[in-house]
Every structure is written in C-alpha cells, then in structure tokens.
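Here is how the chains run, residue by residue.
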Amino acid sequence: MKLTKKDLMITYHAENCYRLSMRKKFLLFFNRWITLTYQEAENSKEEPIEFNSFSEAESFINNIIIN
C-alpha cells in the first residue's frame, strides 16, 4: 500500500500539541485511525509523534509523502 496524504490525519490533542494518525485497513470495508508513535531505544516506552503547531505537522507530512 502506497501512503498518501489522505491516509494521514493531524489531530489536536492539547494546547500546542498536535498528533499524527494513520489510516489502517480493518477487515474488508472498514478503516481504523492509529496514532503514530516512535521508540527511542529498544526497551523504552513508545511515545506519540507530537508537534507544537499545525503547520509543523503539515510540513512533516509534506516531507514524508512523495507524490
């Protein structure tokens, strides 16, 4: 599956905190939105990817998506 801009969503979590979610197919006709996370080390806890502003999140999406 090729990732497109339609498969990513920016959500407002708290003041100055925006998170990214990705669409994942579920069963045949359904989709789920999964919060994107990262893990700094192998034994560390997974943290959600967060941005300080909507424009930062938007530029991150534009950088990772290749048209």
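Rules behind the numbers
Residues numbered from 1 in each chain as written. Predicted model: local features only at pLDDT ≥ 70, side-chain atom pairs only at ≥ 80, totals over all residues. Heavy atoms only, no water. Helix = DSSP H or I, 4+ residues; strand = E, 2+ residues; numbered from the N terminus. Buried < 20%, exposed > 50% of the residue type's maximum accessible area, 1.4 Å probe, protein only. Areas by Shrake-Rupley, 256 points an atom, 1.4 Å probe, with all protein chains shown as cover. Lys, Arg positive; Asp, Glu negative; His and termini not counted. Charge placed at Lys NZ, Arg CZ, Asp CG, Glu CD. Contact = heavy atoms within 4.5 Å. pLDDT = per-residue confidence, 0-100.

(A) Looking closely at the overall build of the chain. A tally of regular secondary structure across the chain gives one helix and six strands. Going through the 67 residues of the chain one by one, you find that 21% of them count as buried. With an accessible surface of roughly 5,600 Å², the chain has 52% of that area assigned to carbon and sulfur atoms. Of the charged side chains in the chain, 9 are positive and 9 negative; the average position of the first set lies 14 Å away from that of the second.

(B) Region of the structure containing the environment of M22. Within the secondary structure layout, M22 lies in strand 2 (residues 17-26). You can call M22 partly exposed: its relative accessible area is 28%. Distance from M22 to K5, taken between C-alpha atoms, is 9.6 Å for residues 17 residues apart in sequence. Excluding its chain neighbours within four sequence positions, the residues that come into contact with M22 are L3, D7, L8, R32, W33, I34 and L36.

(C) A look at the confidence of the model for the chain. Averaged over every residue, the pLDDT of the chain is 88; residues scoring 70 or more account for 97%. By mean pLDDT, the top-scoring element of the chain is strand 6 (residues 50-51) (94), and the lowest-scoring one is strand 4 (residues 37-38) (90).

(D) The arrangement of unusual backbone geometry in detail. A positive phi is found at N16, a non-glycine position, where the angle reads about 55 degrees. Positionally, N16 belongs in the loop between strand 1 (8-14) and strand 2. Located in the positive-phi region is L27, a residue other than glycine, with phi close to 60 degrees. Tracing the chain through its elements places L27 in the loop between strand 2 and strand 3 (30-35).

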